[in-house]
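Per-entry structural report
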Amino acid sequence: MRQSHLFTKTQKEAPADEAAKNATLLIRAGYVHKEMAGVYQWLPLGLKVVEKIKQVVREEMNAIGAQEMIATNLQRKELWERTNRWSDDVVDCWFKSELKAGGEVGLAWSHEEPLADMMKNHITSYKDLPIFIYQFQNKLRNELRAKSGVMRGREFVMKDMYSFAQGEEDHTAFYEASKIAYMKVFERLGIGDDTFITFAAGGAFTEFSHEFQTICEAGEDITYISKDRKIAINEEVLNDDTLKELGVQKDDLEAVKTAEVGNIFNFGTQKGEEVGLFYKNEAGEDIPVWMGSYGIGVTRLVGVLVEKFADEKGIIWPEAVAPYKVHLVGLNLDDKEIKDYAEGVYASLDNKGIPVLFDDRAEVRPGEKFAEADLMGMPYRVVVSKKTKEEGKFELTNRTTGETRLLSEEELYNHL
């Protein structure tokens, strides 16, 4: 991709109406556009990051047998009334609208009820179970105060997954597999060491649900952790009974600020009973389906990655999610010989399958190019200039460590 072809531009100044570091940097670097409080448009560079996170999640969900689909955003009022969750007193984040033909609809904040209801068309016998489905979708939540940039918004991309099983044993097997799959996701994104499976407020039939909390100063939660024992407890359930059950003392735990990047819930048979989702067992009896729910905040993860890894110069992307692996910075491009040389390097990187953003702008000063490269945060910066051409070397800078090395063409391609 040529930087001269990007319609987005970097900004030197932070937007006045944005307090969160993640959104400030994403806006300045041209990854998102702020439409209103808690609502961001994802521009080409930002979309690439989102899609790469989605692909990591997709691969790990597929690996445990889940199947991808996409549900509707418009939802029926009567379905949510059946489970007593249409009322704003019960769910306080609904966006609702009216159909011209009459009747109210909700704009999806979650999907347990609609997908459980849908499964009545696909589940009749024990032979149909288990089923695991997931989707990526823009969720809409009428937050009173949208804050924390893209880490908490009124519109955001979420991966939500639902399991349908015969009973607790089959459900538990998938629940445990999902824990492992989630941790693989976070490890691949570079935050595995700082992400903890955390005991939180319980679901329908268990004392605890589980959150995945990542240590992050911009997070909204307080989590008590023991890194040695890999135990983490959300502040909301930290009490003597919880400590006793988990066999840990409060003095053994460290209080840290965290951001919730995922969660899993056990619904038991409650949803099946409420919605009317039953299957016939081998004896021909009607048994309610056992359900679970599993979420990962995709766009929230973008914000968490920015908050955790950014420095005073700008964003630092882990390789797994960076829009491009290399930011190729061309200098002295008003010299045709150097321009042709830089174009050749760009073509070689591209031909080798190395994702590259080429700063091919001849009119921009070197200092400005370097500052923009640091702000945008690609893992590697390669400089091509009259000087490097004369030396027969390439200047390679690692964005994470700041280390700069002079490499031959062969060494550069081998390294990348």
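Each value, and the rule that gives it
Residues numbered from 1 in each chain as written. Predicted model: local features only at pLDDT ≥ 70, side-chain atom pairs only at ≥ 80, totals over all residues. Heavy atoms only, no water. Axes fitted to C-alpha atoms, helices over the stretch in contact; angles between N-to-C directions. Helix = DSSP H or I, 4+ residues; strand = E, 2+ residues; numbered from the N terminus. Parallel < 35°, antiparallel > 145°, perpendicular 65-115°, else oblique. Left-handed = near helix turned anticlockwise from the far one by under 90°. Contact = heavy atoms within 4.5 Å. Buried < 20%, exposed > 50% of the residue type's maximum accessible area, 1.4 Å probe, protein only. Pairing = 2+ DSSP bridges. 1 Å grid on protein atoms, 1.4 Å probe; cavity = no way out; pocket = protein on both sides within 12 Å on 5 of 7 lines; lining within 4 Å. Points joined across faces, edges and corners; volume = space filled by probe spheres on them. Nonpolar A, V, L, I, M, F, W, Y, C, P; charged D, E, K, R; others polar. Salt bridge = Lys/Arg side-chain N within 4 Å of Asp/Glu carboxyl O. Expected span 1.5 Å × (residues − 1). Arc of directions from axis to C-beta. Polar contact = N/O pair within 3.5 Å; in protein donor to acceptor, adjacent residues only side chain to side chain.

At a closest axis distance of 9 Å, the pairing of helix α2 (residues 44–63) and helix α5 (residues 168–188) adopts a crossing angle of 150°. Comparing the axis directions of α2 and α5 gives the class roughly antiparallel. In this structure, the crossing between α2 and α5 has a hand that is right-handed. For the pair α2 and α5, contact is made by V56, V57, E59, E60 and M61 and by A181, Y182, K184, V185 and R188, respectively.

A large share of strand β8 (residues 155–165) lies buried, amounting to ten of its eleven residues. Both strand β7 (residues 131–140) and β8 contribute to a ladder of ten bridges, which runs antiparallel. Paired with F132 across the bridge in β8 is S163.

Moving on to the layout of surface pockets. Gaps between atoms show up when a probe of the same size as a water molecule is rolled over them. The calculated volume of the largest pocket comes to roughly 1000 Å³. Along the walls of the largest pocket sit 43 residues, with R141, M158, E260, N263 and F265 positioned nearest its centre. Elements with a contribution of two residues or more to the lining of the largest pocket: β8, β13 (254–268), α7 (270–275), β16 (290–297) and α8 (298–309). If one sorts the elements of the lining of the largest pocket by residue count, β13 sits on top with eight residues. Here the lining of the largest pocket is built from residues that sort into 15 nonpolar, 15 polar and 13 charged. A volume near 170 Å³ is recorded for the second largest pocket. Along the walls of the second largest pocket sit T10, Q11, K12, R28, K313, E368, A371, E372 and L375, which together make up its complete lining. At four residues, the largest contribution of residues to the lining of the second largest pocket is made by helix α10 (residues 366–376).

A few words now on the sheet that holds strand β6 (residues 104–107). Read across the sheet, three strands follow the order β4-β6-β5 without closing on themselves; strand pairing throughout is antiparallel. The sheet terminates laterally at β4 (74–76) and β5 (95–98), the two strands that pair on one side only. Along the sheet, successive strands turn relative to each other by an average axial angle of 40°, direction set aside. Two elements, β5 and β6, share four bridges in a ladder whose sense is antiparallel. In the strand pairing of β6, F95 is matched with L107.

What follows is about the pattern of salt bridges. What the rule picks out here adds up to 34 salt bridges. A salt bridge links E60 to R188; the nearest nitrogen and oxygen atoms lie 2.9 Å apart. Taken together, the residues span a long stretch of sequence, with E60 in helix α2 and R188 in helix α5 at a distance of 128 residues. A relative accessible area of 12% places E60 in the buried class. Overall, R188 belongs to the partly exposed group, its relative accessible area being 35%. Salt-bridge contacts for E104 lead to K77; the nearest nitrogen and oxygen are separated by 2.9 Å. Remark: K77 occurs in helix α3 (residues 77–82) and E104 occurs in strand β6; sequence separation between them is 27 residues. One network of salt bridges, in which partners are shared, links D311, D374, R381, E395 and R399.

Let us look at helix α9 (residues 336–351). Counted at 1.5 Å a residue, the expected span for α9 with its 16 residues is 22 Å, and the 22 Å between its end C-alpha atoms agrees. I338, A342, E343, V345, Y346 and L349 are the residues of α9 that are buried. Seen end-on, α9 carries its buried residues on one side only, within an arc spanning 160°. In α9, those exposed residues whose orientation departs by more than 90 degrees from the buried face are K336, E337 and N351. Against the buried residues of α9 lie β17 (326–330), β18 (356–359), β19 (380–384), α11 (386–391), β20 (394–398) and α12 (409–415). Capping of α9 at its N-terminal end is provided by D335; its side-chain oxygen lies 2.9 Å from the backbone amide nitrogen of E337. G353 lies just past α9 and shows a positive phi near 75°.

Taking 1.5 Å of rise per residue, the twelve residues of α8 would be expected to cover 16 Å, and the 17 Å separating its terminal C-alpha atoms lies within 8% of that figure. With ten of twelve residues buried, α8 lies mostly within the body of the structure. Among the residues of α8, those classed as buried are V298, T299, R300, L301, V302, G303, V304, L305, V306 and E307.

On to the sheet that holds strand β21 (residues 404–407), then. Spatially, β18-β17-β19-β20-β21 is the arrangement adopted by the five strands of the open sheet, whose pairing is mixed. Only two strands of the sheet have a single partner each, and these edge strands are β18 and β21. Going from strand to strand, the sheet's axes swing by 20° on average, the running direction of each strand aside. Summarising the sheet, β19 and β20 pair through four bridges and their orientation is antiparallel. The residue bridging V382 from the neighbouring strand is L396, located in β20. Docked against the sheet, α9 engages β17, β18, β19 and β20, running at close to 170° with respect to β18. Its contacts with the sheet place α10 against β17, β18 and β19, and it is angled at close to 170° to β17.

Our next topic: the side chain of K139. Mapped onto the elements, K139 comes out in strand β7. According to the relative accessible area criterion, K139 is buried, its value standing at 0%. When residues no more than four places from it in sequence are discounted, the contact partners of K139 are A108, W109, S110, H111, R154, E155, F156, M158 and D160.

Shape descriptors only; they carry no functional weight alone.
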